[in-house]
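What follows is each chain in one-letter form.
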Amino acid sequence: MDQITNVMEYKEIARQKLPKMVYDYYASGAEDQWTLKENRNAFSRILFRPRILIDVSKIDMSTTVLGFKISMPIMIAPTAMQKMAHPEGEYATARAASAADTIMILSSWATSSVEEVASTGPGVRFFQLYVLKDRNVVVQLVRRAERAGFKAIALTVDTPRLGRREADIKNRFTLPPHLTLKNYEGLDLGKLDKTDGSGLASYAAEQVDQSLSWKDVKWLQTITSLPILVKGVLTAEDARLAVQNGAAGIIVSNHGARQLDYVPSTIMALEEVVKAAQGRVPVFLDGGVRRGTDVFKAMALGASGIFIGRPVLFSLAADGEAGVRKVLQMLRDEFELTMALSGCRSLKEISRHHIVTEWDAPRVAPRL
């Protein structure tokens, strides 16, 4: 793995190593996969306006997220069933995140439990929550996350039903028999079995509450004192509602382009959401980040940080914990270089003036 020079190179290694059903589950998007391609392509429509002759001999990438100090604004998004990628799964990811001094969000649908992930050692971790029809189970899960030292809940709000992922239907996707959804173990939630289509879609239809609404965001605040991040916001209207309903932060996400196809890329939706939030809560970007330049572009558009998903899965498949560590290090190094070459010494110096987008009106340079 010595010759890997960028995050994208792990994808092909993962494709060669993983069973087709598993690789397709991780890699594919919904329906025509237009949004999947757009999540990447949209970044190339944002260009830099670098500032020169600034002393960039010292660069500080550190930041705080919900009061927790981390080394860089690059964090790990929740992705399901990581032991399909590597036997150590979420354990390896948790250790890599901790070593990089950044935050990991653990998926509800993880193949390691909140307690198991907590046992890997120190680290700031959040728990991603699907609200299930059985609210007693939801309360139990949240309590367990609290007891295991998780610091926030990332509530996924874009999945009343699972998107149509045709690769999973073709492959009749199901969890390999030696694995289980560990957070649900012993909770009498049925099994993720093989079906005529996607076993996961059938399972989600049975378990996930399609009636989820803003009142449930309020309800969640009555059962936990943990801050709640609303994950899956793409519009100004919903950003305003998230703030009104007590969200501690917003994650701009289209679920890795796995839900509704033909929604905008997250980088395109970001600025609208940031403006609507009016600085009252932090806004994060999830989706499409593969380069340090992408991180900088998101920060310039007002993000407080970004989350990566597939790069973690592919590097985990390729090289376990070492792979995830390397992805985080490569993105960190690229981001630091982008800051230096743009004339920014700290995150607060990254501004909208450092980029120009295709959708900008022709601009007049600001007077200094």
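Residues numbered from 1 in each chain as written. Predicted model: local features only at pLDDT ≥ 70, side-chain atom pairs only at ≥ 80, totals over all residues. Heavy atoms only, no water.

K.L.:
So what exactly am I meant to see when it comes to the overall build of the protein here?
P.N.:
Helix and strand content of the protein: 13 helices and twelve strands. For a compact globule of 368 residues, the expected C-alpha radius of gyration is about 21 Å, and the protein comes in at 20 Å, within 12% of that figure. Considering only C-alpha atoms, the protein reaches an extent of 65 × 50 × 40 Å along its principal axes. Burial analysis of the protein (368 residues in total) assigns 57% to the buried set. In the protein, 73% of the contacts between residues at least 6 apart in sequence involve partners at least 24 apart. On the protein, roughly 15,600 Å² of surface is accessible, and the fraction owed to carbon and sulfur atoms is 52%. Of the side-chain charges in the protein, 47 are positive and 41 negative, and the distance between the mean point of each set is 3 Å. (Helix = DSSP H or I, 4+ residues; strand = E, 2+ residues; numbered from the N terminus. Rg over C-alpha atoms; globule rule 2.2 N^0.38 Å. Buried < 20%, exposed > 50% of the residue type's maximum accessible area, 1.4 Å probe, protein only. Contact = heavy atoms within 4.5 Å. Areas by Shrake-Rupley, 256 points an atom, 1.4 Å probe, with all protein chains shown as cover. Lys, Arg positive; Asp, Glu negative; His and termini not counted. Charge placed at Lys NZ, Arg CZ, Asp CG, Glu CD.)

K.L.:
Before we go on, may I ask you to explain the UniProt feature "active site" (unreviewed entry) in the protein in this structure?
P.N.:
UniProt tags H255 as "active site" (unreviewed entry). Checked against the element boundaries, H255 lands in the loop between β9 (249-253) and α11 (266-277). If near-sequence neighbours (up to four positions away) are discounted, H255 is found in contact with Y130, T156, D158, T159 and R165. (UniProt positions renumbered as here; feature names shortened; annotations may be inferred.)

K.L.:
For this particular structure, what's the right way to read empty space enclosed by the protein?
P.N.:
To find the voids left in a structure, one rolls a probe of water-molecule size over its atoms. Taken as a whole, this structure holds one cavity of 30 Å³ or more when the rule is applied. Along the walls of the largest cavity sit Y130, V131, T156, T159, P160, V208, D209 and L212, which together make up its complete lining. Among the residues forming the lining of the largest cavity, the class breakdown is five nonpolar, two polar and one charged. (1 Å grid on protein atoms, 1.4 Å probe; cavity = no way out; pocket = protein on both sides within 12 Å on 5 of 7 lines; lining within 4 Å. Points joined across faces, edges and corners; volume = space filled by probe spheres on them. Nonpolar A, V, L, I, M, F, W, Y, C, P; charged D, E, K, R; others polar.)

K.L.:
Honestly, the packing of helix α4 (residues 89-99) against helix α13 (residues 310-342) in this entry has me stumped. Any pointers?
P.N.:
The axes of two packed helices give the description: the angle between them and the distance between them. Packing of α4 against α13 brings their axes to within 8 Å, and their N-to-C directions diverge by 15°. In terms of orientation, α4 and α13 fall into the roughly parallel class. The two elements α4 and α13 cross, and the hand of that crossing is left-handed. Counting all contacts with α4, which are made through G89, A92, T93, R95, A96, A97 and A99, the residues of α13 involved are V312, L316, G320, E321, V324, R325 and L328. Within the contact of α4 with α13, the residues separate by chemical class into eight nonpolar, three polar and three charged. (Axes fitted to C-alpha atoms, helices over the stretch in contact; angles between N-to-C directions. Parallel < 35°, antiparallel > 145°, perpendicular 65-115°, else oblique. Left-handed = near helix turned anticlockwise from the far one by under 90°.)

K.L.:
I would appreciate a short explanation of the pattern of salt bridges in the present structure.
P.N.:
Side chains that differ in sign of charge can pair as their charged atoms come close. The full count for this structure, using the stated rule, is 21 salt bridges. Between E12 and R15 there is a salt bridge, and its shortest N-O distance comes to 2.7 Å. Of the two residues, E12 and R15 both sit in helix α1 (residues 9-17), three residues apart, roughly one turn of that helix. Its salt-bridge partner being D209, residue R135 comes within 2.3 Å of it at the nearest N-O pair. Pair noted here: R135 is in helix α6 (residues 135-147) and D209 is in the loop between α8 (199-207) and α9 (214-223), with a separation of 74 residues, a long-range link. In the salt-bridge network here, residues are joined through shared partners; they are E88, R95, E321 and R325. (Salt bridge = Lys/Arg side-chain N within 4 Å of Asp/Glu carboxyl O.)

K.L.:
What am I meant to see in the pairing of strand β10 (residues 283-286) here?
P.N.:
For a regular strand, the rule is simple: side chains alternate between the two faces of the sheet. Side chains of β10 alternate between two faces, with V283 and L285 and F284 and D286 buried alike. Sheet topology places β9 next to β10; four bridges connect them, and they run parallel. Note on β10: the bridge partner recorded for I251 is F284. Taking the sense of rotation as the criterion, the β-α-β connection linking β9, α11 and β10 turns out right-handed. One crossover worth recording links β10 to the parallel strand β11 (residues 305-308) by way of helix α12 (residues 292-300), and it is right-handed. (Pairing = 2+ DSSP bridges. Right-handed = clockwise from strand over helix to strand, strands pointing away.)

K.L.:
What exactly am I supposed to notice about the layout of surface pockets here?
P.N.:
Of the pockets and cavities examined, the largest pocket occupies roughly 660 Å³. Put simply, the parts of the chain that give the lining of the largest pocket at least two residues each are α2 (20-27), α3 (34-41), β11 and α13. As for the second largest pocket, its lining consists of 22 residues, and the residues nearest its centre are V157, D158, T159, G232 and D238. At the level of elements, α9 and β8 (228-233) are the ones that each hand at least two residues to the lining of the second largest pocket. A total of three residues in the lining of the second largest pocket trace back to one element, the largest contributor, which is β8.

K.L.:
Hey, could you run me through α9 in this one?
P.N.:
Every α-helical turn comprises 3.6 residues, leaving residues that sit three or four positions apart pointing alike. Within α9, burial applies to D216, V217, L220 and I223. For α9, the arc enclosing every buried residue in end-on projection is 120°, short of the 170-degree limit, so these residues lie on one face. Set apart from the buried face of α9 by more than 90 degrees, the exposed residues are K215 and T222. Looking at the buried positions of α9, the neighbouring elements they touch are β6 (125-129), α6, β7 (153-156) and β8. (Arc of directions from axis to C-beta.)

K.L.:
Hey, could you run me through the nonpolar core in this one?
P.N.:
The nonpolar side chains of a soluble globular protein tend to be buried, and buried together. If you look at the biggest cluster of nonpolar residues, it comprises 109 residues, and the most contacted ones within it are L129, I250, L270 and F335. It is α13 that contributes the most residues to this core, 13 residues altogether. Once residues within four sequence positions are removed from consideration, F335 is found in contact with M61, P73, I74, G292, V295, F296, M299, L347 and I350. With 14 residues, the next largest nonpolar core counts V65, I103, V124 and F126 among its residues. (Core = buried A, V, L, I, M, F, W, Y, C linked by side-chain atoms within 4.5 Å.)

K.L.:
What exactly am I supposed to notice about the environment of R258 here?
P.N.:
Mapped onto the elements of the fold, R258 is located in the loop between β9 and α11. Residues R258 and A30, spaced 228 residues apart in sequence, show a C-alpha to C-alpha distance of 4.5 Å. If sequence neighbours within four positions are ignored, R258 has contacts with Y25, Y26, S28, G29, A30, G163, R165 and R310.

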